[in-house]
Amino acid sequence: MLLQCLGFAACQPGEFFKSFEVYEIEHDCCNCRMCGCKHGFPPPCTLCSSTKFVVCMLLGLKRIVSGVQPTGTIHLGNYLGAIKNWIPLQNTYDTFFFIVDLHAITLPYETQQLSKATRETAAIYLACGVDTSKASVFVQSHVRAHAELMWLLSSATPVGWLNKMIQFKEKSRKAGDENVGVALLTYPVLMASDILLYQSDFVPVGEDQKQHLELTRELAERVNYLFGGRKWKKLGGRGGTIFKVPEPLIPPEGARVMSLTDGRSKMSKSDSSDHSRINLLDPKDVIANKIKRCKTDSASGLEFDNPERPECNNLLTIYQLMSGRTKEEVAQECQDMNWGVFKSILTDALIDHLHPIQVRYEEIMSDSAYLDKLLAEGATKAADIADATLNNVYQAMGFLRR
C-alpha cells in the first residue's frame, strides 16, 4: 500500500514511500495525521509530543473505558463484576479506568465524604492490580470535557429515550419525587459522554447496564447523522463520523454477583444491610461472620445453575472466582458438601484472595502524594484525547472556535 507523506521531520511533503507496513496514524490526542515511513518509527505528535497513542494505533489496540462510583464501599460485586476483569484487559487493550465522581451526586450524598471516597476508590483500583504504566487512571471531574460534552449531547437526546431507562424508574421510586434531581434522569447522557469522549471500541458492562450502553450507541449514531459527514466537512472539519459506536464487552462469569441475603437481587452498595455484601476492605472476622450468616437453603448437596437455588449458585460462583478454579472443578469438589463445610472453605478463599489487596491498599493510602501524582498524570493523558473529541463536536455543531 502506498501513502502520501503528510509532512514531518525528515520526510518531504508529497513524498510517496513503502515501509515495514505503511501506516497512516491519527493521533487521538489532537487528530493530526502522520505516517510511518522509510525514516523509521513515527515520531511524537508535532502538536502535543504524545507517543503512547502512536504505539496503540500501530499495534491496532482497541480502546476500553470503564469506571466505578465512589459511593458507599467497594464490594465483591464491584470487584468481580468490573475491577478484577480490568486486570487482563489492560494487557491487550488501550485502557482508561476512572472514578466516576460526577455520577455519585445523582442522589443525596455526604459532601465531606466525596473526596475521601474518591481517593479510596482510586487506591482500590491500584491495589487490585490496575497498572498505571499500562492503563490511564483518573478522576472523572478532573477532565472537564465530560461535563461539557454531556451538555452538547443533551441537546440531541430525546427525552423519551431517558424516560425508558429502567434504573431511573427504580431509583426514583425508592427515593421519592422530592429527593430526585434532574441528574438522575439525565445521567445516562453523562455516561454516553464518558464513553464517546475517548472514541471507545468496547465498554465492559453487566447485563443490567446494557440498556445504558445501547442509549450511548444510539446517541453516537444520531450525532453522527445530525452533525457528521459532509455537514462537518463544510464547517472545516475532517468529515466522516464524529464518534465511534462502542460495543459491549460482557464478562462470561461474575458479571452479576448477587446479595448474600437474597440470591435473586444484585449485590449492591445501596442495600441497607451490610450483611448483604462482602466489602473489599472487610476484616477477616467480619467476612467470616457474613458468610456464616448468609442465606442458604435446605436442599442436600451443592449445585450450579438451578433456578430454584439462587443462593447456592451465587455462593458457588463466588467460590469459583475467588479460588481461581474452573466451574467443573468446583462442581465436582462441592457436589456432596453440606453448607457448614462449604462456608468454611468459602470464607478461607475470600480471606486469602482479599488479604493481599487490603495490604496493598493500606500502603497506597499511606502515601497520598504518590496517589495524587498518579491521578494527575492519568487526567492529563485522558484530557489530551477528550479535548480533541470535544473540539471536534464543538466544530461540527457550528460553534465559534476558540
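Within every chain, residues take consecutive numbers counted from 1 along the sequence as written. Residues qualify for local features only when their pLDDT is at least 70, as the model is predicted, and side-chain atom pairs are given and counted only at 80 or more; totals for whole chains, interfaces and linings, by contrast, use all residues. Processing note: side-chain calculations cover all non-hydrogen atoms of the structure and skip hydrogens and water entirely.

Caption draft 1: Inspection of the overall build of the chain at higher detail. To qualify as a helix, a DSSP run of H or I must reach at least 4 residues; to qualify as a strand, a run of E must reach at least 2; elements of each kind are numbered from the N terminus. In terms of helices and strands, the chain carries 14 helices and 9 strands. When the 402 residues of the chain are sorted by exposure, 48% land in the buried category. Where accessible areas are quoted, they stem from the Shrake-Rupley method and a 1.4 Å probe; at the residue level, only the protein chains shown are allowed to cover. Of the roughly 19500 Å² of accessible surface on the chain, 51% is carried by carbon and sulfur atoms. Three exposure classes are used, based on accessible area relative to the maximum for each residue type with a 1.4 Å probe and protein chains only: buried under 20%, partly exposed in between, and exposed over 50%.

Caption draft 2: Quick peek at the packing of aromatic side chains. Between rings of Phe, Tyr and Trp, where Trp is taken as its six-membered ring, a pair exists when centres lie within 6.5 Å; planes separated by under 30 degrees are stacked, by over 60 edge-to-face, and by other angles tilted. Inspection of every chain in the model, using the stated rule, returns 9 aromatic pairs. Pairing Phe98 with Phe138 gives two aromatic rings, centres 5.1 Å apart and planes at 20 degrees, and the pair type is stacked. With Phe98 in strand 6 (residues 94-99) and Phe138 in strand 7 (residues 135-139), the pair connects residues that are 40 residues apart, well separated along the chain. For the pair formed by Phe98 and Phe138, the shared burial category is buried.

Caption draft 3: Main features of the pattern of salt bridges. A carboxyl oxygen of Asp or Glu within 4 Å of a side-chain nitrogen of Lys or Arg is what we treat as a salt bridge. This structure, assessed with the given rule, holds 16 salt bridges. Between Glu120 and Lys116 there is a salt bridge, and its shortest N-O distance comes to 2.5 Å. Within this pair, Glu120 and its partner Lys116 are both found in helix 3 (residues 111-127), separated by 4 residues, close to a single helical turn. Owing to a relative accessible area of 43%, Lys116 belongs among the partly exposed residues under this scheme. With a closest N to O distance of 3.3 Å, Glu363 and Arg360 form a salt bridge. A residue pair is termed a helical-turn pair when its members lie 3 or 4 positions apart in one helix, as Glu363 and Arg360 do in helix 13 (residues 339-365) at 3 residues. Residue classification places Arg360 among the partly exposed positions, given a relative accessible area of 33%. Shared partners join several salt bridges into a network, and the residues in it are Asp274, Arg277, Asp282 and Lys290.

Caption draft 4: Structural context of the environment of Ile278. In this structure, Ile278 sits in the loop between strand 9 (247-249) and helix 10 (284-293). Once the C-alpha coordinates of Ile278 and Ile74 are considered, the two residues, 204 residues apart in sequence, prove to be 8.9 Å apart. Contacts are assigned to residue pairs with any non-hydrogen atoms lying within 4.5 Å of each other. Discounting chain neighbours no more than four positions away, the residues touching Ile278 are His75, Leu76, Leu260, Met267, Ile287, Lys290, Ile291, Leu350 and Leu354.

Caption draft 5: Examining the pairing of strand 5 (residues 63-68) more closely. Burial analysis of strand 5 places 5 of its 6 residues in the buried class, the great majority of the element. Between any two strands, pairing holds if DSSP finds at least two bridges. When strand 5 meets strand 6, the two strands line up parallel, connected through 6 bridges. Bridge assignment links Val68 to a residue of strand 6, and that residue is Ile99. For the crossover that starts at strand 5, traverses helix 2 (residues 76-92) and ends in the parallel strand 6, the hand is right-handed. We call a crossover right-handed when, viewed with both strands directed away from the observer, the connection leading from the first strand over the helix to the second proceeds clockwise.

Caption draft 6: Just the packing of helix 10 against helix 13, in detail. Helix axes are fitted only over the stretch in contact, all axes being lines through C-alpha atoms; the angle between N-to-C directions runs from 0 to 180 degrees. Contact geometry for helix 10 and helix 13: axes closest at 10 Å, N-to-C directions at 145 degrees. Between helix 10 and helix 13 the crossing geometry is right-handed. Between helix 10, through Lys284, Ile287, Ala288, Ile291 and Lys292, and helix 13, the contact on the second element is made entirely by Lys343, Leu346, Thr347, Leu350, Ile351, Leu354 and His355. Looking at the contact of helix 10 with helix 13 residue by residue, the classes come out as 7 nonpolar, 2 polar and 3 charged. Two helices crossing with the near one rotated counterclockwise from the far one by less than a right angle form a left-handed crossing, whereas a clockwise rotation gives a right-handed crossing. In this classification, Asp, Glu, Lys and Arg are treated as charged, Ala, Val, Leu, Ile, Met, Phe, Trp, Tyr, Cys and Pro as nonpolar, and every other residue, Gly included, as polar.

Caption draft 7: Structural context of helix 11 (residues 310-323). Take the number of residues in a helix, subtract one, and multiply by 1.5 Å to get its expected span. The terminal C-alpha atoms of helix 11 lie 20 Å apart, and with 14 residues this matches the ideal 20 Å at 1.5 Å per residue to within 8%. Of the residues making up helix 11, those classed as buried are Pro310, Glu311, Cys312, Asn314, Leu315, Leu316, Thr317, Ile318, Tyr319, Gln320, Leu321 and Met322. Turning to helix 11, the residues buried within the fold contact helix 2, helix 12 (327-334) and helix 13. Phi for Gly324, located one or two positions after helix 11, is positive at around 80 degrees.

Caption draft 8: Summary view of helix 4 (residues 145-154). Within the span of helix 4, buried status applies to Ala145, His146, Leu149, Met150, Leu152 and Leu153. For helix 4, the arc enclosing every buried residue in end-on projection is 165 degrees, short of the 170-degree limit, so these residues lie on one face. What the arc measures is the spread of directions leading from the helix axis to the C-beta atoms.

Caption draft 9: Layout of the confidence of the model for the chain. Summary of the metric used: pLDDT quantifies the predictor's per-residue confidence within the range 0 to 100. For the chain, per-residue confidence averages 84 on the pLDDT scale, and residues scoring 70 or more make up 80% of the total. Ranking the elements of the chain by mean pLDDT puts strand 2 (residues 16-17) last, at 31, and helix 4 first, at 98. Every residue in residues 1-43 scores below 50 in pLDDT, and together they form 106 contacts with partners more than four places removed in sequence or on other chains. Confidence drops under a pLDDT of 50 for residues 45-55, and excluding neighbours within four residues, the segment shows 30 contacts in the predicted structure.

Caption draft 10: Highlighting the nonpolar core. Each nonpolar core is a collection of buried residues, namely Ala, Val, Leu, Ile, Met, Phe, Trp, Tyr and Cys, held together in the definition by side-chain atoms within 4.5 Å. Residues Leu76, Tyr79, Ile83, Tyr125, Phe342 and Leu350 are the most contacted members of the largest nonpolar core, which totals 56 residues. When residues in this core are grouped by element, the largest group, 10 residues, is from helix 13. Excluding anything up to four places from it in sequence, Phe342 contacts Leu302, Leu315, Leu316, Tyr319, Cys334 and Met337. One finds Phe98, Val143, Ala386 and Val393 within the second-largest nonpolar core, a separate group that totals 42 residues.

Caption draft 11: Just the side chain of Gln358, in detail. Examined against the element boundaries, Gln358 turns out to sit in helix 13. The class of Gln358 is buried, set by a relative accessible area of 16%. With sequence-adjacent residues up to four places away left out, Gln358 is seen in contact with Leu280, Leu281 and Asp282.

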